[in-house]
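Per-entry structural report
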Amino acid sequence: MDMSRVAEQGLVLLGCGKMGSAMLAGWLDHGLPAASVWVIDPYPSDWLKAQGVNINTPLPESPAVVLVAVKPQMMGEALPAIQALGGGGSLFVSVAAGTSIATFEDVLGEGTPIVRAMPNTPAAIRQGITAMIGNAHVSGDDLDLAENLLSAIGETVRLSDEAQIDAVTGVSGSGPAYVFHLIETLAAAGQAQGLPHELAMKLAKSTVAGAGALAMAAEEDPSQLRVNVTSPNGTTQAALEVLMHEAEGFPNLLHRAVKAATDRSKELGRE
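Residues numbered from 1 in each chain as written. Predicted model: local features only at pLDDT ≥ 70, side-chain atom pairs only at ≥ 80, totals over all residues. Heavy atoms only, no water.

**What about a nonpolar patch on the surface?**
Just so we agree on the cut-off: Exposure above 30% relative accessible area and the absence of a salt bridge qualify a residue for a patch, where like charges join within 9 Å and nonpolar side chains (Val, Leu, Ile, Met, Phe, Trp, Tyr) within 5 Å. For the accessible areas, the method is Shrake-Rupley and the probe is 1.4 Å, while residue cover comes only from the protein chains on display. Throughout this description, the term salt bridge denotes a Lys or Arg side-chain nitrogen within 4 Å of a carboxyl oxygen of Asp or Glu. Each helix is a run of H or I in the DSSP string that is no shorter than four residues. Each strand is a run of E no shorter than two, and both are numbered from the N terminus.
Among the surface-exposed residues, L182, L186, L243, M244, F250, L253 and L254 lie close enough to one another that they form a single nonpolar patch of about 560 Å² accessible area. Residue assignment for the nonpolar patch shows that the elements contributing at least two residues are α8 (175-192) and α12 (250-270). Looking at which element gives the most residues to the nonpolar patch, the answer is α12, with three residues. Along the chain, L243 falls in helix α11 (residues 235-243).

Below you can see the structure in the form of structure tokens.
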């Protein structure tokens, strides 16, 4: 990734919890000099202190990028610290859930280029997927730079409209929790059929991880992969008749779950 502009002008990271730390680790691995990074965080971790970055010191006047990674509830008190950097010289990238581009524009000023991004928790091991959208002041180069920075924690996709963020939240933002619950309940079901807990859990974790990796690597789509493992009148078909039941299976259940998360995301955006 081309980090020369960021290395020269500096990067400000507002908030360095799990997500901020994962991104920072990725950037430093990709060769961004620690001296070019300023972190604002009230409780810096021991890991952060050991990285050689500038922590809670006066900020550069016109950094290339200001990346906002604070929890939504901390946003109110965090924003004034960076308000002076708004107005056009610095690109703002936010990975804070539930904070709209309009909210940032109100605080930072109309002419500020702002990219809003929605990552997910597998970013912690650089297996995340982050959806991003820029406001009217974001240039093609700005978007490329934001994508470059966010690629440190996994894959990226670009949205065509900020309204899509709510559905993205319902699918990939909250989605890891659905998969964790699938692992949890798959293991419990194995236990109910007579397997010891640890064995059932190991089988469930590896199966979900392996199937996910196969879905990513295979040329066929997941529907075809499902067909490939389903022998006529075999064991998989017996299970799928339960799971694919229109009213009581996955189709209805996941539609309702994703809709509930999407609706809640819309509500939070209005609060």
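**Here we look at the sheet that holds strand β2 (residues 37-40)**
Definition in use: Pairing between two strands is assigned when DSSP locates at least 2 bridges connecting them. Here a residue-residue contact requires only that any non-hydrogen atoms of the pair lie within 4.5 Å. The axes used here are C-alpha line fits, helices contributing only the stretch in contact, and every angle between their N-to-C directions lies in the interval 0 to 180 degrees.
Pairing within the open sheet is mixed, and its eight strands lie in the order β3-β2-β1-β4-β5-β6-β7-β8. Edge positions in the open sheet fall to β3 (54-55) and β8 (154-158), since each of these has one partner strand only. Against the sheet, helix α7 (residues 165-173) engages β6 (114-118) and β7 (128-134), with an angle of about 35° to β6.

**Some details on the side chain of S172**
Assignment of secondary structure puts S172 in helix α7. With residues near it in sequence (within four places) discarded, S172 still touches N120 and I129.

**What to know about α8**
Spelled out, the test is: For a helix, the expected span equals 1.5 Å multiplied by the number of residues minus one. Burial here depends on accessible area, computed with a 1.4 Å probe over protein chains only, as a share of the maximum for the residue type. Under 20% is buried, over 50% is exposed, and the range in between is partly exposed. The directions from the helix axis to the C-beta atoms are what the arc is built from.
With 18 residues, α8 should cover 26 Å at 1.5 Å per step; its first-to-last C-alpha distance of 26 Å lies within 8% of that length. Those residues of α8 that sit buried are G175, P176, I183, A187 and G190. Projected down its long axis, α8 shows its buried positions confined to an angular sector of 125°, all on one face. One or two steps after α8, the chain reaches G194, where phi turns positive at roughly 105°.

**Structural notes on helix α9 (residues 197-217)**
For α9, with 21 residues, the first-to-last C-alpha span of 30 Å sits near the 30 Å given by 1.5 Å per residue. A200, M201, A204 and V208 are the residues of α9 that are buried. Projected down its long axis, α9 carries its buried residues within an arc of 105°, all on one side. In α9, the exposed residues that point more than 90 degrees away from the buried face are E198, K202 and A217. Buried residues along α9 sit in contact with α8.

**Some points on the side chain of T169**
Note that T169 resides in helix α7. Given the relative accessible area of 13%, T169 is considered buried.

**Some points on the environment of K202**
Relative to the helices and strands, K202 is located in helix α9. Here the alpha-carbon distance between K202 and T262, two residues 60 residues apart in the chain, equals 32 Å.

**Points about the nonpolar core**
This is how it is decided: Here, the term nonpolar core denotes a set of buried Ala, Val, Leu, Ile, Met, Phe, Trp, Tyr and Cys residues that are joined through side-chain atoms within 4.5 Å.
Counting 35 residues, the largest nonpolar core has L13, L24 and W27 as its most contacted members. At the level of elements, β1 (11-14), α2 (18-29), β2, β4 (65-68), β5 (91-94), β6 and α6 (140-150) are the ones that each hand at least two residues to this core. Counting residues in each nonpolar core, the second largest holds 24 residues, with L14, I40, V70 and I82 among its members.

**Description of unusual backbone geometry**
Phi is positive for N56, which is not a glycine, with a value near 55°. Looking at the element boundaries, N56 is found in the loop between β3 and β4. One non-glycine residue, R126, adopts positive backbone phi at about 60°. Position of R126 among the secondary structure elements: in the loop between β6 and β7. With a relative accessible area of 34%, R126 lands in the partly exposed category.

**Quick word on the confidence of the model for the chain**
For clarity, the threshold we go by: Per residue, pLDDT measures the predictor's confidence, with a range of 0 to 100.
With 99% of its residues at a pLDDT of 70 or more, the chain shows a mean pLDDT of 93. The spread of mean pLDDT over the elements of the chain runs between helix α4 (residues 75-78), the lowest at 78, and α8, the highest at 98.

**Topic: the environment of G154**
Residue placement: G154 occurs in strand β8. Between the C-alpha atoms of G154 and A123, which are 31 residues apart in sequence, the distance is 6.2 Å. Once residues within four sequence positions are removed from consideration, G154 is found in contact with R126 and G128.

**A look at the pairing of β6**
Just so we agree on the cut-off: Think of it like this: strands point away, you trace from the first strand over the helix to the second, and a clockwise trace means the crossover is right-handed.
Across the five residues that make up β6, a large majority, five, are buried. Because side chains alternate across β6, one face comprises the buried residues I114, R116 and M118, and the other comprises V115 and A117, equally buried. A crossover connection joins β5 to the parallel β6 through helix α5 (residues 101-108); in handedness this β-α-β unit is right-handed. By the bridge criterion, four bridges tie β6 to β7 in an arrangement that is antiparallel. Its bridge partner lying in β7, R116 is registered against I133.

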